[in-house]
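A structural walkthrough
So the chains spell out like this:
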Amino acid sequence: MTNDTSGDVRLSGIAKTYGSFTAVHPLDLTVPQGSFFALLGASGCGKTTTLRMIAGLEEPSAGTVHLGDQDVTALPPYKRPVNTVFQSYALFPHLDIFENVAFGLRRRGIKSVKKQVGDMLDLVQLGEQARKKPHQLSGGQQQRVAVARALINHPKVLLLDEPLGALDLKLRRQMQLELKRIQTEVGITFVHVTHDQEEAMTMADTVAVMNAGRVEQLGSPTDLYENPRTTFVANFLGTSNFIEAEVDTKSGDDIVLKAGGGKLVLPESRCAAATTTGGKVLVGVRPEKISLTHADDAGEIPEGRNRINGRITNSSFIGVSTQYVVDSAVCPDFEVYVQNVDRDTRLEPGADVVLHWSPAHTFGLDAAQDIDAGVEEGAAA
Amino acid sequence: MSTLTEAPPPLTPTAPEKKPPRKRGRLVPYWLLLPGILWLLVFFALPMIYQASTSVQTGSLEEGYKVTWHFATYWDALSEYYPQFLRSVLYAGSATILCLVLGYPLAYLIAFRAGRWRNLIMILVIAPFFTSFLIRTLAWKTILADGGPVVGALNTLHVLDVTSWLGMTEGDRVLATPLAVVCGLTYNFLPFMVLPLYTSLERIDPRLHEAANDLYAKPATVFRRVTFPLSMPGVVSGTLLTFIPAAGDYVNADLLGSTDTRMVGNVIQTQFLRILDYPTAAALSFILMAAILVMVTVYIRRSGTEDLV
């Protein structure tokens, strides 16, 4: 990233209300020049509205939009140096591919478009298709035309509204890498709206998770996954197990918590909740961080790990790993993913087991929130 | 039509392949076509043949008519009534253009801006059909009556000065002038313009407008480069649905016009019903049909909407 800030997107207190419904609550957001930024959330969370306010297709009810140092809040879309790749592409059906791509250049009065359009079509590998009409192309090709049509204008910011939603899984993976490659090549700021957490995590440098018109958390994909600060984020991005626990003591950088009969240790730096002694905290841990040991071998578990006793209620073999559901006193359906390296054949439903993991992989959240927030949305995505 | 003659897919995809089990299914398209074909045969093809034969007959009512292949009737009819032909094209053309000018903004409004008023406006567009064509045209006679408020207002605004300079009205009269006929035609055929326009505008994805807007097109350019080209199928079918019946219409010229505004429809009507010169009437009908066919073909070719429809 450079020090050039002309491609920064700065939203200050931007909000959108429709009558009594608030689509986007006042929101401050800065997307630095040259970054790949994703707005992630379930449908209706306000992410597309936010994107459309940057494009100028939606007028904010409050707040301002800056591109670099320029206040563009009052500018109509055709005067903003941003371009959009629309959901389901919105290619002009009456124009051929060449004219679709040349549309923006021609509107700005550029006469000799031939070379630019040709180069752009080559970039997206559609040089051969220039004289075809959009409906003669496959979904993936149409998607690339939509990207080319926007990129040819060298916008300061490229906005992508669920651009891969209409493609099948395999093509989507391919296009994700393709878009990432193009972004690295042209160095333009990309703002990408998606409901697919995997897509957001693979492509973006920074992800903002939105829920009900607010940004729940903002950070790098790793940061969001490892240190979720709300149950919504923890559940929307992957799967999380939660244990309700009570703060017992603090020792150094760690907090010791009571849960069920046992004790759990949580690094204070990974706790997003207030930790007064006796206060409640939700202890979270990701399924793949947990190790599973048969109760007979419990003595072999190293000291200093968080431990929970339970019984396997379900196991499903999915190739690279096996997914277990474990019933325990503190959580009725603990999910555990175990890599299939050395399979312990005793780990069958009904077996008594000990779940254990490193305290460093534990995160703590405020207990005063819905444990299941974001579960449905995450599963649907 | 060609798809109908091809073998339809088997009714059940799991049907065994050994014997042709689709013998029955194969005939279904023809059965479906049958009622329509019969209808067209009896009520379109036969009358056409009958008319064609009438047009080349000679004789009189008393002695009866005989087919004598007298093609001169066509020439005579054309040379005698070409002013009415030209007038028909002129009036129908003006009415079509007026319908387009009035109907396009209306259809655009219904398609993109009407919101919850959409259905109400649609009903208002269709509402005139609930009354007879004749009654409505007669009502216009009252509206445009000499010394009435409409004529008075047009006079005060000096509109009539302009129209009489253009030769469309005479003095301070509107009734019995070309203007009245064109107004009547426009009024009567407006829904036939609005409905196809609305249908093709409504099919345009509003995101295309946004995309054009996003790609530096001002609202006027969006209309010129995206909306209008995409609505061409509606423009073409709307103008055809207006022009064709308007060119053959005689009611408006009869009720709102004078002897100087007679259109070819009036001539045909008079020949058939009053003078009882059936061959001339039939020949005029065929000339009108051929002329419209040629104009429509040229028009569709030139508007280049084949791959849009």
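Residues numbered from 1 in each chain as written. Chains lettered and ligands numbered in written order. Predicted model: local features only at pLDDT ≥ 70, side-chain atom pairs only at ≥ 80, totals over all residues.

1. What about the interface of chain A and chain B?
Between chain A and chain B, the contact holds 14 residues from the first and 16 residues from the second. Breaking the side of chain A that touches chain B down by element, the ones donating at least two residues are strand S6 (82-85) and helix H2 (97-107) of chain A. No other element matches the 3 residues that H2 of chain A contributes to the side of chain A that touches chain B. Its residues assigned to classes, the side of chain A that touches chain B shows 8 nonpolar, 4 polar and 2 charged. (Contact = placed C-beta atoms within 7 Å. Helix = DSSP H or I, 4+ residues; strand = E, 2+ residues; numbered from the N terminus. Nonpolar A, V, L, I, M, F, W, Y, C, P; charged D, E, K, R; others polar.)

2. As for the UniProt feature "domain: ABC transporter" (unreviewed entry) in chain A
UniProt records the feature "domain: ABC transporter" (unreviewed entry) for residues 9-237 of chain A in the present numbering. As annotated, residues 9-237 of chain A has a helix share of 35% and a strand share of 27%, and its two end C-alpha atoms lie 25 Å apart. (UniProt positions renumbered as here; feature names shortened; annotations may be inferred.)

3. Brief notes about the nonpolar core
Ile54, Val101, Val191 and Val283 of chain A are the most contacted members of the largest nonpolar core, which has 111 residues in total. Counting the residues that make up this core, at least three belong to each of domain 1 (9-231) and domain 2 (240-368) of chain A. What Val191 of chain A contacts, discounting residues up to four positions off in sequence, is Val9, Val31, Phe37, Leu39, Leu51, Ile54, Val157 and Leu159 of chain A. Counting residues in each nonpolar core, the second largest holds 50 residues, with Tyr81, Leu160, Phe192 and Tyr198 of chain B among its members. (Core = buried A, V, L, I, M, F, W, Y, C linked by C-beta atoms within 7 Å. Buried ≥ 20, exposed ≤ 12 C-beta atoms within 10 Å, placed from the backbone. Domains from an automatic or database assignment.)

4. Some thoughts on the pairing of strand S2 (residues 64-67) of chain B
For strand S1 (residues 57-60) of chain B and S2 of chain B, the ladder comprises 4 bridges, and the chain directions are antiparallel. Along S2 of chain B, the bridge assignment pairs Ser60 of chain B with Gly64 of chain B. (Pairing = 2+ DSSP bridges.)

5. Quick notes on the pairing of strand S17 (residues 321-328) of chain A
Residues and elements named next belong to chain A. Of the strand pairs in this sheet, strand S16 (residues 306-317) and S17 are connected by 7 bridges, and their pairing is antiparallel. Across the sheet, residue Ser315 finds its bridge partner in S17, namely Tyr324. Hairpin connection of S16 to S17: 3 residues between the antiparallel strands, including Gly319 at a positive phi of 95°. Judged from the 6 bridges that link them, S17 and strand S18 (residues 334-339) form a sheet pairing that is antiparallel. Counterpart to Tyr324 in the pairing with S18 is Val336. The loop that links S17 with its antiparallel partner S18 comprises 5 residues.

6. Focus: the sheet that holds strand S4 (residues 62-67) of chain A
Residues and elements named next belong to chain A. The strand order S2-S1-S4-S5 describes an open sheet built from 4 strands, whose pairing is antiparallel. The open sheet has two edge strands, strand S2 (21-31) and strand S5 (70-71), and neither has a second partner. Sheet analysis places S4 next to S5, joined by 2 bridges and oriented antiparallel. In the sheet register, His66 faces S5, and the bridge partner there is Asp71.

7. Quick notes on helix H13 (residues 264-275) of chain B
Looking only at H13 of chain B, the buried set comprises Val264, Gly265, Asn266, Val267, Ile268 and Gln271 of chain B. Where H13 of chain B terminates, the next one or two residues include Leu276 of chain B, which has phi positive at roughly 60°.

8. Side note on the domain arrangement of chain A
All names here are of chain A. When cut into domains, chain A gives domain 1 (9-231) and domain 2 (240-368). One C-alpha centre belongs to domain 1, the other to domain 2; they are set 40 Å apart. If you look at the interface, domain 1 gives 5 residues, while domain 2 gives 6 residues. Its residues assigned to classes, the side of domain 1 that touches domain 2 comprises 1 nonpolar, 3 polar and 1 charged.

9. Section: the UniProt feature "transmembrane region" (unreviewed entry) in chain B
The positions UniProt marks with the feature "transmembrane region" (unreviewed entry) are residues 28-50, 89-112, 119-139, 175-198 and 281-300 of chain B. In this annotation, residues 89-112 of chain B is assigned 100% helix and 0% strand; the end-to-end C-alpha distance for the span is 33 Å.

10. Regarding the sheet that holds strand S14 (residues 280-285) of chain A
The strands making up a sheet associate through backbone hydrogen bonding, with each pair oriented either parallel or antiparallel. Residues and elements named next belong to chain A. Here 5 strands make up an open sheet; going across it, the order is S13-S12-S11-S14-S20 and the pairing antiparallel. What marks the edges here is a single partner per strand, and that holds for strand S13 (262-267) and strand S20 (363-366). Put simply, the sheet's adjacent strands are angled 45° from each other on average, direction ignored. Relative to S20, S14 runs antiparallel, the two sharing 4 bridges. Within the sheet, the bridge partner assigned to Leu282 lies in S20 and is Leu365. (Axes fitted to C-alpha atoms, helices over the stretch in contact; angles between N-to-C directions.)

11. A few points about the UniProt feature "domain: ABC transmembrane type-1" (unreviewed entry) in chain B
What UniProt calls "domain: ABC transmembrane type-1" (unreviewed entry) maps, in this numbering, to residues 85-299 of chain B. Secondary structure across residues 85-299 of chain B comprises 78% helix and 0% strand; the distance between its end C-alpha atoms is 18 Å.

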